[in-house]
Amino acid sequence: MKQFEVNFDGLVGPTHNYAGLSFGNVASLNNANANSSPKQAAKQGLAKMKALSDMGMMQGVLAPQERPDIAALRRLGFSGSDATVLENAAKQSREIFLACCSASSMWTANAATVSPSADTSDGKVHFTPANLTNKYHRSLEPEVTGRILKATFADEKYFAHHQHLPDNEHFGDEGAANHTRLCSEYGRAGVEVFVYGRHAFNPSMPAPKKYPARQTLEACQAVARLHGLSDENVVYMQQNPDVIDQGVFHNDVIAVGNQNVLFYHQQAFHNTDAGLAEIRSKFGEEELHFVEVPTSEVSVNDAVKSYLFNTQIITLPSGDMTIIAPTECQDNPAVKTYLDKLVTLSTPIKSVNYFDVKQSMRNGGGPACLRLRVAMTEQELAAVNGATLINDAQFERLNAWVDKHYRDVLSEDDLRDPNLLIESRTALDELTQLLELGSVYPFQRV
Ligand code: SUG
(Lines give C-alpha, C1' and ligand atoms only; values in the text may rest on other atoms or scores of the structure.)
Protein backbone atom coordinates (compact mmCIF):
# COMPACT_ATOMS: atom_id res chain seq x y z
CA MET A 1 0.00 0.00 0.00
CA LYS A 2 1.30 3.45 -0.91
CA GLN A 3 1.62 6.14 1.75
CA PHE A 4 2.12 9.85 1.47
CA GLU A 5 2.91 12.77 3.61
CA VAL A 6 0.77 15.63 2.41
CA ASN A 7 1.61 19.18 3.42
CA PHE A 8 -1.48 21.34 3.92
CA ASP A 9 -0.33 24.93 3.74
CA GLY A 10 -2.33 27.80 5.16
CA LEU A 11 -3.53 30.25 2.55
CA VAL A 12 -2.70 33.75 3.79
CA GLY A 13 -5.85 35.76 4.49
CA PRO A 14 -6.74 39.20 3.06
CA THR A 15 -5.96 41.04 6.32
CA HIS A 16 -2.35 39.85 6.70
CA ASN A 17 -0.63 42.57 8.77
CA TYR A 18 2.10 43.27 11.30
CA ALA A 19 0.64 44.13 14.68
CA GLY A 20 3.32 43.02 17.14
CA LEU A 21 0.92 40.66 18.87
CA SER A 22 3.26 37.84 19.87
CA PHE A 23 5.35 38.55 22.96
CA GLY A 24 8.27 36.07 22.87
CA ASN A 25 8.30 35.99 19.05
CA VAL A 26 11.13 38.35 18.16
CA ALA A 27 10.17 38.95 14.49
CA SER A 28 6.57 39.80 15.39
CA LEU A 29 7.68 42.46 17.87
CA ASN A 30 10.44 43.85 15.63
CA ASN A 31 8.11 44.42 12.69
CA ALA A 32 5.14 45.79 14.60
CA ASN A 33 3.30 48.48 12.63
CA ALA A 34 5.20 47.97 9.36
CA ASN A 35 3.03 48.00 6.25
CA SER A 36 2.23 44.53 4.92
CA SER A 37 1.32 43.17 1.51
CA PRO A 38 -1.45 40.58 1.77
CA LYS A 39 -1.26 39.97 -1.99
CA GLN A 40 2.47 39.28 -1.93
CA ALA A 41 2.13 37.14 1.20
CA ALA A 42 -0.58 34.95 -0.32
CA LYS A 43 1.35 34.62 -3.58
CA GLN A 44 4.59 33.69 -1.81
CA GLY A 45 2.68 30.96 0.00
CA LEU A 46 1.01 29.70 -3.16
CA ALA A 47 4.35 29.69 -5.01
CA LYS A 48 5.80 27.41 -2.32
CA MET A 49 2.78 25.08 -2.58
CA LYS A 50 3.12 24.96 -6.36
CA ALA A 51 6.87 24.31 -6.18
CA LEU A 52 6.36 21.33 -3.85
CA SER A 53 3.63 19.99 -6.08
CA ASP A 54 6.01 20.37 -9.05
CA MET A 55 8.60 18.35 -7.10
CA GLY A 56 6.12 15.47 -7.16
CA MET A 57 4.80 15.99 -3.63
CA MET A 58 1.14 15.83 -2.65
CA GLN A 59 0.23 19.33 -1.54
CA GLY A 60 -2.95 20.65 0.03
CA VAL A 61 -4.29 24.01 1.12
CA LEU A 62 -6.22 25.07 4.20
CA ALA A 63 -8.53 28.06 3.99
CA PRO A 64 -7.83 31.18 6.07
CA GLN A 65 -10.25 32.52 8.69
CA GLU A 66 -12.72 35.36 8.63
CA ARG A 67 -11.05 38.56 9.80
CA PRO A 68 -11.76 41.12 11.16
CA ASP A 69 -13.49 38.81 13.62
CA ILE A 70 -16.68 40.77 14.25
CA ALA A 71 -18.21 37.97 16.33
CA ALA A 72 -15.24 38.10 18.73
CA LEU A 73 -15.65 41.87 19.06
CA ARG A 74 -19.37 41.53 19.75
CA ARG A 75 -18.58 38.98 22.45
CA LEU A 76 -16.49 41.69 24.10
CA GLY A 77 -19.37 44.14 24.14
CA PHE A 78 -19.01 46.09 20.91
CA SER A 79 -22.39 46.50 19.25
CA GLY A 80 -24.25 48.09 16.35
CA SER A 81 -23.72 47.39 12.68
CA ASP A 82 -20.59 45.48 11.67
CA ALA A 83 -19.02 48.78 10.54
CA THR A 84 -19.83 50.42 13.90
CA VAL A 85 -18.39 47.45 15.81
CA LEU A 86 -15.17 47.82 13.86
CA GLU A 87 -14.97 51.58 14.23
CA ASN A 88 -15.65 51.56 17.99
CA ALA A 89 -13.21 48.74 18.66
CA ALA A 90 -10.47 50.56 16.72
CA LYS A 91 -11.19 53.78 18.63
CA GLN A 92 -11.69 52.37 22.11
CA SER A 93 -9.36 49.41 22.26
CA ARG A 94 -6.62 49.34 19.65
CA GLU A 95 -5.03 46.11 20.97
CA ILE A 96 -8.28 44.14 20.89
CA PHE A 97 -9.11 45.52 17.47
CA LEU A 98 -5.69 44.52 16.07
CA ALA A 99 -5.93 41.05 17.61
CA CYS A 100 -9.28 40.54 15.88
CA CYS A 101 -7.77 41.52 12.50
CA SER A 102 -4.82 39.10 12.55
CA ALA A 103 -4.42 36.65 9.67
CA SER A 104 -2.48 34.32 11.99
CA SER A 105 -4.40 31.20 10.91
CA MET A 106 -1.97 31.12 7.96
CA TRP A 107 0.51 29.27 10.22
CA THR A 108 -1.16 25.90 9.98
CA ALA A 109 1.61 24.16 11.91
CA ASN A 110 -0.39 25.62 14.79
CA ALA A 111 -3.77 24.55 13.42
CA ALA A 112 -3.80 21.09 14.98
CA THR A 113 -1.90 18.01 16.04
CA VAL A 114 -2.34 15.13 13.62
CA SER A 115 -1.71 11.43 14.27
CA PRO A 116 -1.69 9.13 11.25
CA SER A 117 -3.75 5.95 11.24
CA ALA A 118 -0.67 3.73 11.67
CA ASP A 119 -0.21 5.15 15.18
CA THR A 120 -3.78 5.30 16.51
CA SER A 121 -5.74 2.59 18.34
CA ASP A 122 -8.77 2.78 16.03
CA GLY A 123 -6.77 3.00 12.80
CA LYS A 124 -8.13 6.44 11.87
CA VAL A 125 -6.25 9.68 11.24
CA HIS A 126 -6.85 11.86 14.32
CA PHE A 127 -6.99 15.67 14.45
CA THR A 128 -7.09 17.92 17.52
CA PRO A 129 -7.21 21.65 16.75
CA ALA A 130 -4.76 23.62 18.89
CA ASN A 131 -6.41 25.91 21.46
CA LEU A 132 -3.60 28.51 21.18
CA THR A 133 -4.55 29.96 24.57
CA ASN A 134 -1.32 31.87 25.13
CA LYS A 135 -2.12 34.65 22.65
CA TYR A 136 -5.56 36.20 22.47
CA HIS A 137 -5.42 36.72 18.68
CA ARG A 138 -4.58 33.05 18.16
CA SER A 139 -7.13 31.78 20.68
CA LEU A 140 -9.79 32.99 18.22
CA GLU A 141 -8.82 30.28 15.74
CA PRO A 142 -9.64 26.75 17.01
CA GLU A 143 -13.38 26.59 16.42
CA VAL A 144 -13.26 27.60 12.77
CA THR A 145 -10.04 25.58 12.31
CA GLY A 146 -12.03 22.55 13.46
CA ARG A 147 -14.72 23.27 10.88
CA ILE A 148 -12.19 23.75 8.08
CA LEU A 149 -10.45 20.49 9.01
CA LYS A 150 -13.79 18.64 9.06
CA ALA A 151 -14.66 20.07 5.63
CA THR A 152 -11.25 19.01 4.30
CA PHE A 153 -11.12 15.57 5.94
CA ALA A 154 -14.82 14.81 6.02
CA ASP A 155 -15.03 11.03 5.70
CA GLU A 156 -15.71 9.60 9.17
CA LYS A 157 -14.60 6.20 8.01
CA TYR A 158 -11.02 7.47 7.89
CA PHE A 159 -10.83 10.69 9.90
CA ALA A 160 -11.56 11.41 13.59
CA HIS A 161 -11.89 14.99 14.79
CA HIS A 162 -11.62 16.07 18.43
CA GLN A 163 -12.63 19.29 20.08
CA HIS A 164 -9.70 21.54 21.00
CA LEU A 165 -8.43 21.17 24.59
CA PRO A 166 -10.01 23.32 27.33
CA ASP A 167 -9.32 27.03 26.77
CA ASN A 168 -7.05 27.38 29.74
CA GLU A 169 -3.32 27.97 30.10
CA HIS A 170 -2.96 24.66 31.96
CA PHE A 171 -3.71 22.98 28.65
CA GLY A 172 -1.95 25.49 26.38
CA ASP A 173 -1.56 23.66 23.08
CA GLU A 174 0.15 24.97 19.92
CA GLY A 175 -0.41 21.91 17.73
CA ALA A 176 2.04 20.37 15.29
CA ALA A 177 4.64 23.10 15.86
CA ASN A 178 5.55 21.18 19.01
CA HIS A 179 5.09 17.69 17.63
CA THR A 180 7.33 15.64 15.36
CA ARG A 181 6.76 12.15 14.11
CA LEU A 182 9.67 9.86 13.37
CA CYS A 183 9.12 6.68 11.37
CA SER A 184 10.85 4.40 8.93
CA GLU A 185 7.99 4.79 6.43
CA TYR A 186 4.98 7.11 6.63
CA GLY A 187 2.52 4.22 6.70
CA ARG A 188 4.23 2.32 9.52
CA ALA A 189 3.79 3.02 13.23
CA GLY A 190 6.18 5.77 14.28
CA VAL A 191 7.37 7.53 17.39
CA GLU A 192 5.39 10.70 18.09
CA VAL A 193 7.62 13.20 19.86
CA PHE A 194 5.71 15.85 21.82
CA VAL A 195 7.76 18.84 22.98
CA TYR A 196 6.47 21.01 25.83
CA GLY A 197 7.69 24.20 27.45
CA ARG A 198 6.51 23.76 31.03
CA HIS A 199 4.64 21.58 33.51
CA ALA A 200 1.27 23.18 34.26
CA PHE A 201 0.57 21.46 37.56
CA ASN A 202 4.13 21.40 38.85
CA PRO A 203 5.59 24.89 38.94
CA SER A 204 8.77 23.67 40.65
CA MET A 205 9.93 22.13 37.35
CA PRO A 206 12.17 24.22 35.02
CA ALA A 207 10.44 26.92 32.98
CA PRO A 208 11.51 30.02 31.04
CA LYS A 209 11.88 33.29 32.97
CA LYS A 210 11.41 35.95 30.35
CA TYR A 211 9.10 34.71 27.62
CA PRO A 212 6.07 32.43 27.90
CA ALA A 213 6.17 28.67 27.42
CA ARG A 214 3.08 28.23 25.29
CA GLN A 215 2.80 24.43 25.45
CA THR A 216 2.32 22.34 28.59
CA LEU A 217 3.19 18.70 29.21
CA GLU A 218 -0.40 18.15 30.32
CA ALA A 219 -1.69 19.35 26.94
CA CYS A 220 0.65 16.95 25.11
CA GLN A 221 -0.50 14.04 27.26
CA ALA A 222 -4.16 14.88 26.66
CA VAL A 223 -3.69 14.94 22.88
CA ALA A 224 -1.86 11.58 23.00
CA ARG A 225 -4.78 10.10 25.00
CA LEU A 226 -7.40 11.52 22.64
CA HIS A 227 -5.59 10.09 19.63
CA GLY A 228 -5.30 6.64 21.17
CA LEU A 229 -1.50 6.56 20.98
CA SER A 230 0.31 3.82 22.80
CA ASP A 231 2.94 4.72 25.43
CA GLU A 232 5.37 2.60 23.44
CA ASN A 233 5.13 5.07 20.57
CA VAL A 234 5.22 8.40 22.40
CA VAL A 235 8.10 10.44 23.79
CA TYR A 236 7.68 13.69 25.73
CA MET A 237 10.64 16.05 25.70
CA GLN A 238 10.95 19.42 27.36
CA GLN A 239 12.19 22.41 25.42
CA ASN A 240 15.27 24.03 26.88
CA PRO A 241 13.76 26.96 28.88
CA ASP A 242 16.82 29.10 28.07
CA VAL A 243 16.16 29.00 24.35
CA ILE A 244 12.50 29.94 24.83
CA ASP A 245 13.93 33.04 26.54
CA GLN A 246 16.01 33.67 23.39
CA GLY A 247 12.97 33.75 21.13
CA VAL A 248 12.30 30.06 20.43
CA PHE A 249 8.56 30.28 21.04
CA HIS A 250 7.77 26.94 19.38
CA ASN A 251 9.91 23.80 19.10
CA ASP A 252 9.77 24.03 15.30
CA VAL A 253 11.99 27.12 15.57
CA ILE A 254 14.82 24.88 16.87
CA ALA A 255 14.11 21.30 15.68
CA VAL A 256 12.41 19.48 12.83
CA GLY A 257 12.00 15.81 11.98
CA ASN A 258 11.08 13.75 8.96
CA GLN A 259 10.91 9.96 8.76
CA ASN A 260 14.20 8.72 10.24
CA VAL A 261 15.85 12.12 10.62
CA LEU A 262 15.71 14.43 13.63
CA PHE A 263 17.45 17.73 12.85
CA TYR A 264 17.90 19.88 15.95
CA HIS A 265 20.11 22.45 17.61
CA GLN A 266 22.47 21.39 20.37
CA GLN A 267 20.57 23.60 22.83
CA ALA A 268 17.03 22.70 21.72
CA PHE A 269 16.06 20.37 24.54
CA HIS A 270 16.26 19.97 28.29
CA ASN A 271 17.76 16.54 29.13
CA THR A 272 18.66 15.89 25.51
CA ASP A 273 20.49 12.60 26.06
CA ALA A 274 17.65 10.94 27.97
CA GLY A 275 15.09 12.07 25.38
CA LEU A 276 17.13 10.87 22.42
CA ALA A 277 17.83 7.54 24.12
CA GLU A 278 14.09 7.02 24.63
CA ILE A 279 13.38 7.86 20.98
CA ARG A 280 16.14 5.48 19.93
CA SER A 281 14.77 2.60 21.99
CA LYS A 282 11.14 3.16 20.91
CA PHE A 283 12.08 3.58 17.24
CA GLY A 284 13.39 0.04 17.04
CA GLU A 285 16.34 -1.38 15.19
CA GLU A 286 16.08 0.54 11.97
CA GLU A 287 18.37 3.32 10.80
CA LEU A 288 17.78 6.61 12.63
CA HIS A 289 19.72 9.86 12.16
CA PHE A 290 20.10 12.43 14.91
CA VAL A 291 21.55 15.46 13.14
CA GLU A 292 22.67 17.84 15.87
CA VAL A 293 23.79 21.34 14.93
CA PRO A 294 26.44 22.56 17.38
CA THR A 295 26.34 26.06 18.87
CA SER A 296 29.91 26.52 17.69
CA GLU A 297 28.69 26.36 14.07
CA VAL A 298 25.27 28.04 14.37
CA SER A 299 24.33 30.12 17.41
CA VAL A 300 20.79 30.11 18.80
CA ASN A 301 20.57 33.72 17.69
CA ASP A 302 21.44 32.80 14.08
CA ALA A 303 18.99 29.91 14.20
CA VAL A 304 16.21 32.25 15.33
CA LYS A 305 17.08 34.94 12.79
CA SER A 306 17.46 32.59 9.83
CA TYR A 307 14.85 29.98 10.82
CA LEU A 308 17.27 27.17 9.95
CA PHE A 309 15.04 24.71 11.81
CA ASN A 310 11.74 26.14 10.63
CA THR A 311 12.51 24.38 7.41
CA GLN A 312 10.56 21.52 5.94
CA ILE A 313 12.45 18.30 5.44
CA ILE A 314 10.58 16.38 2.80
CA THR A 315 11.12 13.02 1.15
CA LEU A 316 11.08 13.38 -2.61
CA PRO A 317 9.64 10.65 -4.85
CA SER A 318 13.28 9.59 -5.50
CA GLY A 319 13.63 8.75 -1.79
CA ASP A 320 16.15 11.53 -1.14
CA MET A 321 15.31 14.20 1.37
CA THR A 322 15.49 17.90 0.61
CA ILE A 323 15.22 20.91 2.86
CA ILE A 324 12.75 23.68 2.08
CA ALA A 325 14.38 26.73 3.63
CA PRO A 326 13.62 30.44 3.73
CA THR A 327 16.02 32.69 1.79
CA GLU A 328 17.07 34.12 5.16
CA CYS A 329 19.13 30.90 5.57
CA GLN A 330 20.97 31.66 2.34
CA ASP A 331 21.68 35.21 3.53
CA ASN A 332 23.11 34.15 6.91
CA PRO A 333 26.79 33.18 6.39
CA ALA A 334 27.03 30.72 9.31
CA VAL A 335 23.79 28.99 8.35
CA LYS A 336 24.62 28.87 4.64
CA THR A 337 28.04 27.35 5.43
CA TYR A 338 26.36 24.78 7.66
CA LEU A 339 23.74 23.83 5.05
CA ASP A 340 26.37 23.55 2.30
CA LYS A 341 28.21 21.10 4.54
CA LEU A 342 25.10 19.22 5.66
CA VAL A 343 24.24 18.01 2.14
CA THR A 344 27.68 16.40 1.85
CA LEU A 345 27.36 14.41 5.10
CA SER A 346 26.07 10.85 5.21
CA THR A 347 22.46 11.63 6.08
CA PRO A 348 19.39 11.23 3.82
CA ILE A 349 19.32 15.06 3.32
CA LYS A 350 20.83 15.67 -0.11
CA SER A 351 19.80 19.19 -1.15
CA VAL A 352 18.36 22.51 -0.03
CA ASN A 353 15.76 24.62 -1.84
CA TYR A 354 15.36 28.26 -0.83
CA PHE A 355 12.04 30.10 -0.90
CA ASP A 356 11.08 33.71 -0.41
CA VAL A 357 8.40 33.75 2.29
CA LYS A 358 9.46 37.11 3.74
CA GLN A 359 5.93 38.39 4.29
CA SER A 360 5.35 35.51 6.69
CA MET A 361 8.89 35.52 8.12
CA ARG A 362 8.41 39.11 9.33
CA ASN A 363 5.78 37.78 11.70
CA GLY A 364 7.94 34.83 12.80
CA GLY A 365 6.49 32.28 10.40
CA GLY A 366 8.88 30.27 8.20
CA PRO A 367 8.18 27.51 5.64
CA ALA A 368 7.45 24.94 8.36
CA CYS A 369 5.00 27.21 10.20
CA LEU A 370 2.99 27.50 7.02
CA ARG A 371 2.24 23.79 6.75
CA LEU A 372 0.35 21.05 8.55
CA ARG A 373 1.61 17.57 7.76
CA VAL A 374 -0.85 14.74 7.28
CA ALA A 375 0.56 11.29 6.55
CA MET A 376 -2.01 9.18 4.76
CA THR A 377 -2.51 5.94 2.92
CA GLU A 378 -3.71 5.97 -0.67
CA GLN A 379 -7.29 5.22 0.47
CA GLU A 380 -7.26 8.01 3.04
CA LEU A 381 -5.90 10.43 0.48
CA ALA A 382 -8.68 9.45 -1.92
CA ALA A 383 -11.18 10.36 0.83
CA VAL A 384 -9.81 13.91 1.22
CA ASN A 385 -11.84 16.78 -0.25
CA GLY A 386 -10.11 16.85 -3.67
CA ALA A 387 -10.69 20.59 -4.20
CA THR A 388 -8.20 21.29 -1.38
CA LEU A 389 -5.38 19.52 -3.20
CA ILE A 390 -3.04 21.60 -5.34
CA ASN A 391 -2.60 20.86 -9.01
CA ASP A 392 -1.81 23.27 -11.86
CA ALA A 393 -5.46 24.20 -12.41
CA GLN A 394 -6.26 24.77 -8.74
CA PHE A 395 -3.06 26.79 -8.32
CA GLU A 396 -4.06 29.04 -11.24
CA ARG A 397 -7.55 29.51 -9.81
CA LEU A 398 -6.25 30.41 -6.36
CA ASN A 399 -3.63 32.76 -7.75
CA ALA A 400 -6.29 34.53 -9.84
CA TRP A 401 -8.56 34.67 -6.79
CA VAL A 402 -5.78 36.43 -4.83
CA ASP A 403 -5.19 38.89 -7.70
CA LYS A 404 -8.87 39.68 -7.79
CA HIS A 405 -9.51 40.20 -4.08
CA TYR A 406 -6.31 41.09 -2.20
CA ARG A 407 -4.80 44.48 -1.54
CA ASP A 408 -1.19 45.24 -2.45
CA VAL A 409 -0.50 47.20 0.72
CA LEU A 410 -2.16 47.27 4.11
CA SER A 411 -1.54 49.67 6.99
CA GLU A 412 -3.19 49.82 10.40
CA ASP A 413 -5.53 52.53 9.10
CA ASP A 414 -6.65 50.26 6.28
CA LEU A 415 -7.72 47.65 8.83
CA ARG A 416 -10.34 50.11 10.11
CA ASP A 417 -11.85 50.42 6.65
CA PRO A 418 -15.28 48.73 6.61
CA ASN A 419 -14.73 48.03 2.91
CA LEU A 420 -11.90 45.67 3.85
CA LEU A 421 -14.38 43.63 5.87
CA ILE A 422 -16.73 43.44 2.88
CA GLU A 423 -13.86 42.60 0.50
CA SER A 424 -12.61 39.84 2.81
CA ARG A 425 -16.04 38.26 3.19
CA THR A 426 -16.64 38.41 -0.56
CA ALA A 427 -13.27 36.74 -1.14
CA LEU A 428 -13.84 34.03 1.47
CA ASP A 429 -17.32 33.29 0.23
CA GLU A 430 -15.89 32.65 -3.22
CA LEU A 431 -13.06 30.61 -1.71
CA THR A 432 -15.44 28.24 0.07
CA GLN A 433 -16.86 27.46 -3.36
CA LEU A 434 -13.43 27.01 -4.94
CA LEU A 435 -12.40 24.64 -2.14
CA GLU A 436 -15.88 23.08 -1.74
CA LEU A 437 -15.91 23.69 2.00
CA GLY A 438 -19.54 24.60 2.59
CA SER A 439 -20.38 27.31 5.12
CA VAL A 440 -17.47 27.32 7.56
CA TYR A 441 -17.35 31.04 8.38
CA PRO A 442 -19.48 32.83 10.99
CA PHE A 443 -20.72 35.37 8.40
CA GLN A 444 -22.05 32.48 6.30
CA ARG A 445 -23.93 30.94 9.21
CA VAL A 446 -26.05 33.85 10.52
O1 SUG B 1 2.01 32.49 16.89
N2 SUG B 1 2.98 35.10 14.74
C3 SUG B 1 2.77 33.69 14.96
C4 SUG B 1 3.84 32.89 14.26
C5 SUG B 1 3.57 31.43 14.32
C6 SUG B 1 4.70 30.63 13.81
N7 SUG B 1 4.37 29.24 13.86
C8 SUG B 1 5.25 28.25 14.11
N9 SUG B 1 6.43 28.46 14.65
N10 SUG B 1 4.86 27.04 13.88
C11 SUG B 1 2.78 33.36 16.47
O12 SUG B 1 3.55 33.98 17.20
C13 SUG B 1 2.36 37.44 14.82
C14 SUG B 1 1.15 38.30 14.50
C15 SUG B 1 1.46 39.76 14.59
O16 SUG B 1 2.28 40.17 15.38
O17 SUG B 1 0.81 40.54 13.82
C18 SUG B 1 2.02 35.98 15.04
O19 SUG B 1 0.92 35.67 15.45
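Residues numbered from 1 in each chain as written. Predicted model: local features only at pLDDT ≥ 70, side-chain atom pairs only at ≥ 80, totals over all residues. Heavy atoms only, no water.

(A) Structural detail: empty space enclosed by the protein. Per the stated rule, a full pass over the model turns up 9 cavities of 30 Å³ or more. Here the largest cavity is characterised by a volume of approximately 270 Å³. Looking at the largest cavity, it is lined by 23 residues, and the ones nearest its centre are E5, H179, T180, R181 and R373. Across the lining of the largest cavity, the residue classes tally to 12 nonpolar, 6 polar and 5 charged. Residue assignment places the lining of the largest cavity across two domains, with domain 1 (1–107 + 370–446) and domain 2 (110–248) each supplying three or more. Along its surface, the second largest cavity is lined by 19 residues, and S22, N25, W107, H137 and N363 are the ones closest to its centre. Among the residues forming the lining of the second largest cavity, the class breakdown is 5 nonpolar, 12 polar and 2 charged. Split by domain, the lining of the second largest cavity shows at least three residues from each of two domains, domain 1 (1–107 + 370–446) and domain 2 (110–248). (1 Å grid on protein atoms, 1.4 Å probe; cavity = no way out; pocket = protein on both sides within 12 Å on 5 of 7 lines; lining within 4 Å. Points joined across faces, edges and corners; volume = space filled by probe spheres on them. Nonpolar A, V, L, I, M, F, W, Y, C, P; charged D, E, K, R; others polar. Domains from an automatic or database assignment.)

(B) Region of the structure containing unusual backbone geometry. Look at the link from R67 to P68: it is a cis peptide, with omega at -5°. One can find P68 in the loop between β2 (59–62) and α3 (70–75). In this structure, L132 is a non-glycine residue whose phi angle is positive, near 50°. Mapped onto the fold, L132 is located in the loop between β4 (125–129) and α6 (136–139). According to the relative accessible area criterion, L132 is buried, its value standing at 1%. Notably, Y307 is not glycine yet its phi reads approximately 60°, a positive angle. Within the secondary structure, Y307 is located in the loop between α11 (300–306) and β13 (312–315). (Helix = DSSP H or I, 4+ residues; strand = E, 2+ residues; numbered from the N terminus. Buried < 20%, exposed > 50% of the residue type's maximum accessible area, 1.4 Å probe, protein only.)

(C) Spatial organisation of the sheet that holds β4. With mixed pairing, 3 strands are arranged side by side in an open sheet as β3-β4-β5. Lying at the two open borders of the sheet, with one neighbouring strand each, are β3 (112–115) and β5 (159–161). Strand-to-strand twist in this sheet, taken as the mean axis angle between neighbours without regard to direction, amounts to 20°. (Pairing = 2+ DSSP bridges. Axes fitted to C-alpha atoms, helices over the stretch in contact; angles between N-to-C directions.)

(D) Region of interest: the packing of helix α4 (residues 82–92) against helix α18 (residues 418–434). Two elements in contact, α4 and α18, have axes whose closest approach is 9 Å; the angle formed by their N-to-C orientations is 125°. For the element pair α4 / α18, the angle class is oblique. Considering only the axes of α4 and α18, their crossing is right-handed. In this structure, α4 uses D82, A83 and L86 to contact α18, whose residues at the interface are P418, L421 and R425. (Parallel < 35°, antiparallel > 145°, perpendicular 65-115°, else oblique. Left-handed = near helix turned anticlockwise from the far one by under 90°. Contact = heavy atoms within 4.5 Å.)

(E) Expanded view of the side chain of S424. Residue position: S424 is located in helix α18. Of the polar contacts made by the side chain of S424, one reaches the backbone oxygen of L420; its length is 2.7 Å. (Polar contact = N/O pair within 3.5 Å; in protein donor to acceptor, adjacent residues only side chain to side chain.)

(F) Spatial organisation of the layout of surface pockets. Its boundaries defined by the atoms lining it, the largest pocket holds a volume of some 520 Å³. Considering the residues around the largest pocket, the lining is formed by 20 residues, among which D69, R75, S139, L140 and E143 are closest to the centre. Among the elements that take part in the lining of the largest pocket, helix α7 (residues 142–152) stands out by supplying 4 residues, more than any other. The class makeup of the residues in the lining of the largest pocket is 8 nonpolar, 4 polar and 8 charged. Built from parts of two domains, the lining of the largest pocket gets at least three residues from each of domain 1 (1–107 + 370–446) and domain 2 (110–248).

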